[in-house]
Amino acid sequence: MLAAALGVVLLSSIVYSAFLLGLVFLSIAGFYILLNAGFVAAAQVLVYVGAVNVLILFGIMLVNKQEDFRPLPHALLGKLATGAVCAGLFALLGTTVVSTPWAISSEVAIGDRAIEAIGMHFFSDFLLPFELASVLLLIALVGAIILARREFIPDLDAAAEEQVLTLPERPRELVAAGVNESDSE
Amino acid sequence: MNPGIDLQHTFVSTLTDLGLPLGLAKLLWIPLPMALMLIAATVSIFVSVWLERKISAAAQQRIGPEYVGPLGVLQAAADGVKLIFKEDITPAKADPWLFTLGPAIVVIPVFLSFLIVPFGQNMVITDIGIGIFLWISLSSITPIGLLMAGYSSNNKYSLLGGLRAAAQSISYEIPLALAVLAVVMMTNSLSTIDIVGQQSGYGILGWNIWRQPVGFLIFWIAALAECERLPFDLPEAEEELVAGYQTEYTGMKFGLFYVGSYVNLVLSALIVAILYLGGWSLPVPIESIAGWLGVSETTPWLQVVAAGLGIVMTLIKAYLLVFIAILLRWTVPRVRIDQLLDLGWKFLLPVSLVNLLATAALKLTLPFAFGG
């Protein structure tokens, strides 16, 4: 999983990164299974691998622009700064993990009964975050529909955008039906 | 309910009587049902390929395969051998890693899903609590393999086919899951064993198809779309896309797609049989037959007969559905991609939501019939 996660960040091919991200999500599901949380593992696979990762791949494949990046000036300096920030963050999180007195429960994991427990929590003490999440999704849905409806976007802007994003041999209308529908999921 | 025969328990206790530790005995048991299920799934490919060819031939007033084996039953084996001996070609500018991984990722989840298919009260590889949810989440991995295959082939037809396949399966997954949710709500459990158990007792009258007719139709349509069967075989629409994401594949890599699609069809038919057609239960409950014959339910020979009948019933139901799928293929024309997505999002999704709501209401008002 660590190798896959490093691959996501370090590989220059964005498609490889996206596929490796799927591998990372699957490995996290494996962790959940080891923690005796089968339902959470299956939900992880369904939501992250089956929906989020597929959407990312969709996005990449619809907008894959074959373009080499221009070498930036002072690229090494930027990389060093990024590396330093990441190392600092890692050290900070590491010390937090080690120094926090975790309240580790000694109870046996409930395993298959977890579905009922999760449901009870959702409809009692976690009702507000649960409902807020659905409102958030609704907002995203409405936003996606408004973006997908072309008449709200100025014509000039849309034309300019299309020229940049469309490959000469790939007509945009054919695939646009697919991405609109999957966006509104 | 009568537990029926429990092969695992018998096997493990026999081995522990022979002096083996309990853990080792269980370890020895684990691969047996898995291997058996793998073999059964592989044989089911041969059966369904043969059925497909014979029924298609009959629908078109041809004879179909007839030389390889009696009535051509070994035709699928001949096809398989041909595919194995074909040269394995990777296109010049294709991405070799993704090109090889794609078919594997398509096939593996389908075979993994056989974990939860029960053929009897104790005849299932594992009765895990999340049961049917495992199948839904595993089947959502498949689009990644399809996208991988479509992208890496370096071919416009393949890319379009892969994108179509992924769009199709993520759209139809939602009505599918909502239809399953209505059944789960009636059962109060995700386990496939419990779902079948809740339908048994009244014979054919207790099956979920009478209580969930709308759910059954939605599930069957969505399952056909997930399997990319006609009328939903847009990803490989021959007239438009050559063969979709499979265009560049030869040899056994193509064979894997082929195997995956047929196993997926059989798997979907099995799941429909379990969810809506009472799984392994007979049209007349086995308990009442035993009562009429005056035999106790725990008689050994009756249990063996009941287990055998259960397996046969499950397979009969599943292959009846496969037969319907093949007939549909020669009856219904292919839909267009916009019609497909319209049907999925604007018709099946609202209808399945209403079905879920109606099931919840009926469960509250009529708890004796809809599982209180």
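Residues numbered from 1 in each chain as written. Chains lettered and ligands numbered in written order. Predicted model: local features only at pLDDT ≥ 70, side-chain atom pairs only at ≥ 80, totals over all residues. Heavy atoms only, no water.

Enquirer: Just give me the short version of the overall build of chain A, but keep the residues and values in it.
Expert: Along chain A, the regular secondary structure elements total eight helices and zero strands. Counted from the first residue to the last, chain A has its helices and strands arranged as α-α-α-α-α-α-α-α. The buried share of chain A, taken over its 185 residues, is 19%. Of the roughly 13,500 Å² of accessible surface on chain A, 73% is carried by carbon and sulfur atoms. (Helix = DSSP H or I, 4+ residues; strand = E, 2+ residues; numbered from the N terminus. Buried < 20%, exposed > 50% of the residue type's maximum accessible area, 1.4 Å probe, protein only. Areas by Shrake-Rupley, 256 points an atom, 1.4 Å probe, with all protein chains shown as cover.)

Enquirer: Any details on the overall build of chain B? Residues and values, ideally.
Expert: Counting its secondary structure elements, chain B contains 16 helices and zero strands. Over its C-alpha atoms chain B spans a radius of gyration of 22 Å, differing by no more than 12% from the 21 Å that the globule rule assigns to 372 residues. The principal-axis extent of the C-alpha atoms belonging to chain B is close to 65 × 55 × 45 Å. Looking at chain B residue by residue over its 372 residues, the buried ones come to 51%. (Rg over C-alpha atoms; globule rule 2.2 N^0.38 Å.)

Enquirer: Now, about the packing of aromatic side chains: what can you tell me, with residues and values included?
Expert: Applying the stated criterion across every chain, the model contains 11 aromatic pairs over all chains. With a centroid separation of 5.1 Å and 25° between ring planes, the pair formed by Phe39(A) and Phe133(B) is classed as stacked. Highlighted residues: Phe39(A) in helix α3 (residues 38-62) and Phe133(B) in helix α6 (residues 131-139), drawn from two different chains. Put simply, the rings of Trp135(B), Phe216(B), Phe219(B) and Tyr276(B) touch in pairs and so form one group of aromatic residues. (Phe/Tyr/Trp six-rings, centres within 6.5 Å; stacked < 30°, edge-to-face > 60°.)

Enquirer: An account of the interface of chain B and chain A is needed here, citing residue identities and associated values.
Expert: At the junction of the two partners, chain B supplies 27 residues and chain A supplies 30 residues. At the boundary of chain B with chain A, total buried surface from both sides reaches about 2,700 Å², with 81% on carbon and sulfur atoms. On the chain B side of the contact with chain A, Ile144(B), Tyr151(B) and Ile170(B) bury the most area, a combined 20% of that side's loss. Applying the counting rule to chain B against chain A returns zero salt bridges. Where chain B meets chain A, there are zero residue pairs in polar contact (both at pLDDT 80 or more). Counting residues per element, the ones that place at least two in the side of chain B that touches chain A are α6, α7 (142-152), α8 (156-187) and α16 (337-365) of chain B. Considering every element that reaches the side of chain B that touches chain A, the biggest residue donor is α8(B), with nine residues. (Contact = heavy atoms within 4.5 Å. Buried area = accessible area lost by both parts, 1.4 Å probe. Salt bridge = Lys/Arg side-chain N within 4 Å of Asp/Glu carboxyl O. Polar contact = N/O pair within 3.5 Å; in protein donor to acceptor, adjacent residues only side chain to side chain.)

Enquirer: Can you explain the UniProt feature "transmembrane region" (unreviewed entry) in chain B? Please cite residues and give values.
Expert: Residue and element names in this part refer to chain B. Look at the UniProt record and you will see "transmembrane region" (unreviewed entry) annotated at residues 28-51, 96-116, 128-149, 256-281, 301-327 and 347-370. Measuring from the first to the last C-alpha atom of residues 128-149 gives 32 Å, for a span that is 77% helix and 0% strand. For residues 347-370, the end-to-end C-alpha separation is 25 Å, with 79% helix and 0% strand making up the annotated structure. (UniProt positions renumbered as here; feature names shortened; annotations may be inferred.)

Enquirer: Tell me about the pattern of salt bridges, residues and numbers included.
Expert: All names here are of chain B. Taken as a whole, this structure holds four salt bridges over all chains when the rule is applied. Of the charged contacts in the structure, one is a salt bridge between Arg329 and Glu52, with a shortest N-O distance of 2.5 Å. Here the residue Arg329 occupies a position in helix α15 (residues 300-329), and Glu52 occupies one in helix α3 (residues 31-59), the gap between them amounting to 277 residues. You can call Arg329 partly exposed: its relative accessible area is 26%. We classify Glu52 as buried; its relative accessible area is 4%. Here Asp79 makes a salt bridge to Arg53, at a shortest N to O gap of 2.8 Å.

Enquirer: Requested: an account of the nonpolar core, with residues and values cited.
Expert: If you look at the biggest cluster of nonpolar residues, it comprises 99 residues, and the most contacted ones within it are Ile132(B), Trp135(B), Phe219(B), Leu275(B) and Tyr276(B). Ala94(B), Ala149(B), Ala165(B) and Tyr249(B) belong to the second largest nonpolar core, which has nine residues in total. (Core = buried A, V, L, I, M, F, W, Y, C linked by side-chain atoms within 4.5 Å.)

Enquirer: Now, about helix α9 (residues 192-199) of chain B: what can you tell me, with residues and values included?
Expert: Residues and elements named next belong to chain B. Listed in full, the buried residues belonging to α9 are Thr192, Ile193, Ile195, Val196 and Gln199. For α9, the buried positions fall inside an angular range of 165° around the axis, keeping them on one side. Capping the start of α9 is the job of one residue whose side-chain oxygen sits 3.2 Å from the backbone nitrogen of Ile193: Ser191. Directly after α9, the chain includes Gly201, whose backbone phi takes a positive value near 120°. (Arc of directions from axis to C-beta.)

Enquirer: Tell me about unusual backbone geometry, residues and numbers included.
Expert: Residues and elements named next belong to chain B. Even without a glycine there, the phi angle at Gln61 is positive, about 55°. Assignment of secondary structure puts Gln61 in the loop between α3 and α4 (75-85). Accessibility expressed as a relative area gives 77% for Gln61, which makes it exposed.

Enquirer: Requested: an account of the packing of helix α2 (residues 14-34) of chain A against α3(A), with residues and values cited.
Expert: Residues and elements named next belong to chain A. Remark: α2 packs on α3, axes separated minimally by 9 Å, with the N-to-C direction vectors making an angle of 175°. Taken together, the axis directions place α2 and α3 in an arrangement best described as roughly antiparallel. Where α2 approaches α3, its residues Ile14, Val15, Ala18, Phe19, Leu21, Gly22, Phe25, Leu26, Ile28, Ala29, Tyr32 and Ile33 are matched on the opposing element by Val40, Ala41, Gln44, Val45, Tyr48, Val49, Asn53, Ile56, Leu57, Ile60 and Met61. Class assignment of the residues belonging to the contact of α2 with α3 gives a composition of 20 nonpolar, three polar and no charged. (Axes fitted to C-alpha atoms, helices over the stretch in contact; angles between N-to-C directions. Parallel < 35°, antiparallel > 145°, perpendicular 65-115°, else oblique. Nonpolar A, V, L, I, M, F, W, Y, C, P; charged D, E, K, R; others polar.)

Enquirer: How would you sum up the environment of Ala25(B)? Please name residues and give values.
Expert: All names here are of chain B. Residue placement: Ala25 occurs in helix α2 (residues 22-29). Judged by relative accessible area, Ala25 falls into the buried class, the value being 0%. The sequence separation of Ala25 and Val196 amounts to 171 residues, and the corresponding C-alpha distance is 29 Å. Setting aside anything within four residues of it in sequence, one finds Ala25 in contact with Phe11, Val12, Leu15 and Thr16.

Enquirer: Account for the environment of Val322(B), naming residues and giving values.
Expert: Residues and elements named next belong to chain B. In this structure, Val322 sits in helix α15. Its relative accessible area of 1% is what places Val322 among the buried residues. When the C-alpha positions of Val322 and Leu265 are compared, they lie 7.1 Å apart, and in sequence the two are 57 residues distant. Every residue in contact with Val322, bar those within four places of it in the chain, is listed here: Ser48, Leu265 and Ala269.

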